[in-house]
Amino acid sequence: MERFGSVISVGDPWQSINFTHQPLNVTMIHDPPFTYVEENASGAISQRGYLVDLWKIVAEELQLRYTLQPPPRGGYGALLENGTWSGIIGQLDAKRADVGLGWFTYREDRAAVVDFADLVPVFTGDLQFLVRRGARTTPRLSSEMFDSLLRPLHSSVWLVLLLSLLVLAAVLSTTVALNRRRAESDETCREFGLGSSALAAFMAVTGQGWAVTPDSLAARIATMSAWMMSILVSTTYTANLISHLTVGEPEMPITSLAEFRASSDWTLAVEFGVGAMGDWAKSSDPNLYHLYQRAVTGDRYLAMGGNEDNIRRAAGPKTLMYYNREIAFSVIGRETCELLPLEPDTDHRGVRNYLVLRKGIRPLKKAMDRVLQRLMQAGTLDHLKRRWFGVADQQCSDDVTFRPLTLADLLAVLVITPLAAARARSEPSVGYGARRAATGTAYLAWERRDGQWYR
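Criteria and thresholds
- Residues numbered from 1 in each chain as written.
- Predicted model: local features only at pLDDT ≥ 70, side-chain atom pairs only at ≥ 80, totals over all residues.
- Heavy atoms only, no water.
- Helix = DSSP H or I, 4+ residues; strand = E, 2+ residues; numbered from the N terminus.
- Buried < 20%, exposed > 50% of the residue type's maximum accessible area, 1.4 Å probe, protein only.
- Contact = heavy atoms within 4.5 Å.
- Pairing = 2+ DSSP bridges.
- Phe/Tyr/Trp six-rings, centres within 6.5 Å; stacked < 30°, edge-to-face > 60°.
- Patch = residues over 30% accessible without salt bridge, like charges linked within 9 Å, V, L, I, M, F, W, Y side chains within 5 Å.
- Areas by Shrake-Rupley, 256 points an atom, 1.4 Å probe, with all protein chains shown as cover.
- Salt bridge = Lys/Arg side-chain N within 4 Å of Asp/Glu carboxyl O.
- Core = buried A, V, L, I, M, F, W, Y, C linked by side-chain atoms within 4.5 Å.
- Axes fitted to C-alpha atoms, helices over the stretch in contact; angles between N-to-C directions.
- Parallel < 35°, antiparallel > 145°, perpendicular 65-115°, else oblique.
- Left-handed = near helix turned anticlockwise from the far one by under 90°.
- Nonpolar A, V, L, I, M, F, W, Y, C, P; charged D, E, K, R; others polar.
- Expected span 1.5 Å × (residues − 1).

1. Topic: the environment of leucine 339
Point 1. Locating leucine 339 in the fold gives a position in strand β14 (residues 339-341).
Point 2. On the basis of relative accessible area, leucine 339 is assigned to the buried category, the value being 1%.
Point 3. For leucine 339 and phenylalanine 329, which are 10 residues apart along the polypeptide, the C-alpha to C-alpha distance reads 9.9 Å.
Point 4. Not counting residues up to four positions away in its chain, the partners in contact with leucine 339 are Leu130, Val131, Arg132, Ala315, Met321 and Arg325.

Now the structure itself:
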């Protein structure tokens, strides 16, 4: 066991492997926090970062000799129209380099020209389209302001609720009618026709009482079902409404690549050489091909290249950023919390990324795989990741913003309440006893005589 800085190298040292008479050529680009390639005032180039530290451990375990090359042009490498590769992949394909330090996603076109050290991923995550959240605007006075009363429940939930009310009304009226002679009076049967039962079910959901309740067991079971459903709906709706009106929801300035394509004042920010760019060039989707054209022509295009200033610019308004959110956090900090994925339902966390090697040195690939596996089992990889990346998701997940209720939010309620009160005043409710008195139905009063009740 040997110590390398703050990291412990585990296992017995590997026997020296002489893959070539010359030291291995290791290439990388400036892509914080994986690799930092910096030039000081004297012109000397220094390299550091997560993958640099990892490579030093691997080289120490295998007793390898190597030299770190200056970064190539073209980023990680893209397949050009003439069939050649740029960037790191191009250097490996041309055998000008032996090992590429980067987080490479496995792709068949890449695997045709380079080998992947694919036993252990050095990073798990993927690129995604990110946009800066917009400011919440107050809606104008229109019919859309009533949407705030419907948003607490999904449209499918409203549909199921409506169907449930109809089913309950049908069951209630049917059970009362079937028990007409045995348990239900003629008056109750008249009170629970199909239309009146539908109104009663609606009143249950809105928390209103019934003037008459059925007497039969089956009808009472239907009644209890209606009230149980009303309690569940009322509590869920109220909780969601409060959350919707008080918790600040981020606003997406654009919601699709089609909107980005149609916007003339938006900028595309991508690291040139990402593997997806080859897919965009061949895609039949006009929106994806538009991204490729923007990157090639440079029209409203920002090449990030791992530069902190460029990443900060890419995180600004009206910029579509194709990057990894966790990596962006390690570079620009909490400003990344303002970035939202354009496709929030897509999981971009499970894509594995590997180191790459040139073809023809497969023994080195196998040896690197074994060392990386041992480092993973010993927790060295996790230690390095925590050191260079931190925990971006946890530092952003606790940011819950609240906003005061605006007049636009409450305007629907302010309008509906007076209308409901006026409607109730114009049609006063008639109680159970008043209805029977109006229809000439005699009261059935109970009284206690000699210890027993009589009607």
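2. Thoughts on the pairing of strand β13 (residues 319-323)
Point 1. Within β13, five of the five residues are buried, which leaves it mostly tucked inside the rest of the structure.
Point 2. The alternating pattern of β13 places Thr319, Met321 and Tyr323 on one face and Leu320 and Tyr322 on the opposite face, and all of these are buried.
Point 3. Bridge count for strand β10 (residues 128-132) against β13 is three bridges, and the pairing is antiparallel. Following the sheet pairing, phenylalanine 129 is matched in β13 by tyrosine 322.

3. Overview of the packing of aromatic side chains
Point 1. Taken as a whole, this structure holds 17 aromatic pairs when the rule is applied.
Point 2. On the numbers, 5.4 Å between centres and 80° between planes, the contact of tryptophan 103 with phenylalanine 123 is edge-to-face. Here phenylalanine 123 lies in strand β9 (residues 123-124) and tryptophan 103 lies in strand β7 (residues 99-105), a separation of 20 residues in the sequence. With respect to burial, tryptophan 103 and phenylalanine 123 carry one shared label: buried.
Point 3. Aromatic side chains phenylalanine 123 and phenylalanine 389 sit 5.3 Å apart centroid to centroid with 25° between the ring planes, which places their arrangement in the stacked category. Taken together, the positions of phenylalanine 123 in strand β9 and phenylalanine 389 in the loop between α15 (380-388) and α16 (392-397) put the pair 266 residues apart, joining distant regions of the chain.
Point 4. The class of phenylalanine 123 is buried, set by a relative accessible area of 4%.

4. Here we look at a nonpolar patch on the surface
Point 1. A cluster of nonpolar side chains, Leu159, Leu162, Leu163 and Leu166, forms an exposed patch at the surface whose accessible area comes to about 380 Å².
Point 2. Residue class for leucine 163 comes out partly exposed when judged on its relative accessible area of 46%.

5. As for the nonpolar core
Point 1. Core analysis: the biggest nonpolar cluster contains 84 residues, and Tyr50, Leu54, Trp55, Trp280, Leu320, Met321 and Leu364 have the highest contact counts within it.
Point 2. In terms of residues, this core owes the most to one element, helix α1 (residues 50-62), which gives nine residues.

6. Some thoughts on the pattern of salt bridges
Point 1. Applying the stated criterion to the full structure yields 14 salt bridges.
Point 2. For lysine 365, the salt bridge is made with aspartate 118, and the minimal N-O distance between the two is 3.0 Å. Of this pair, lysine 365 sits in helix α14 (residues 362-378) while aspartate 118 sits in the loop between β8 (114-116) and β9, and the two are 247 residues apart along the sequence.
Point 3. Here arginine 133 and glutamate 338 are joined by a salt bridge, their closest N and O atoms 3.5 Å apart. On the criterion of sequence distance, the pair formed by arginine 133 in the loop between β10 and α4 (147-150) and glutamate 338 in the loop between α13 (325-332) and β14 is long-range, its members being 205 residues apart.
Point 4. Looking at arginine 133, the relative accessible area reads 29%, which means it is partly exposed.
Point 5. Here the salt bridges do not stand alone but share partners, grouping Arg107, Asp109 and Asp279 into one network.

7. Describing the packing of helix α5 (residues 155-178) against helix α7 (residues 194-205)
Point 1. Here α5 crosses α7 at 130°, and the two axes come no closer than 8 Å. Between α5 and α7, the interaxial angle falls into the category oblique. For the element pair α5 and α7, the recorded crossing hand is right-handed. Where α5 approaches α7, its residues Leu161, Leu165, Ala169, Ala170, Leu172 and Ser173 are matched on the opposing element by Leu194, Ser197, Ala198, Ala201, Phe202 and Val205.
Point 2. When the residues that make up the contact of α5 with α7 are grouped by side-chain class, the tally is 10 nonpolar, two polar and no charged.

8. Topic: the packing of α1 against α14
Axis angle and axis distance: for two packed helices, these are the angle between their axes and the distance between the axes, and together they describe the pair.
Point 1. Two elements in contact, α1 and α14, have axes whose closest approach is 10 Å; the angle formed by their N-to-C orientations is 110°. Classed by the angle they form, the pair α1 and α14 counts as roughly perpendicular. Relative to α14, α1 is oriented so that their crossing is right-handed. Contact with α1, carried on its side by Leu54, Trp55, Ile57, Val58, Glu61 and Leu62, involves Leu364, Ala367, Met368, Val371, Leu372 and Leu375 of α14 and no other residues of that element.
Point 2. For the contact of α1 with α14, the per-class residue count stands at 11 nonpolar, no polar and one charged.

9. Considerations on α14
Since the α-helix turns once every 3.6 residues, residues separated by three or four places project in the same direction.
Point 1. With 17 residues, α14 extends 25 Å between its outermost C-alpha atoms, agreeing within 8% with the 24 Å of an ideal straight helix rising 1.5 Å per residue.
Point 2. Turning to α14, its buried residues are Leu364, Lys365, Ala367, Met368, Asp369, Val371, Leu372 and Leu375.
Point 3. The inward-facing, buried residues of α14 abut β3 (24-27), α1, β7, β8, β15 (352-358) and α15.
Point 4. Two residues or fewer past α14, glycine 379 is found with a positive phi of approximately 85°.

In short, shape yes, function no, at least from these values alone.
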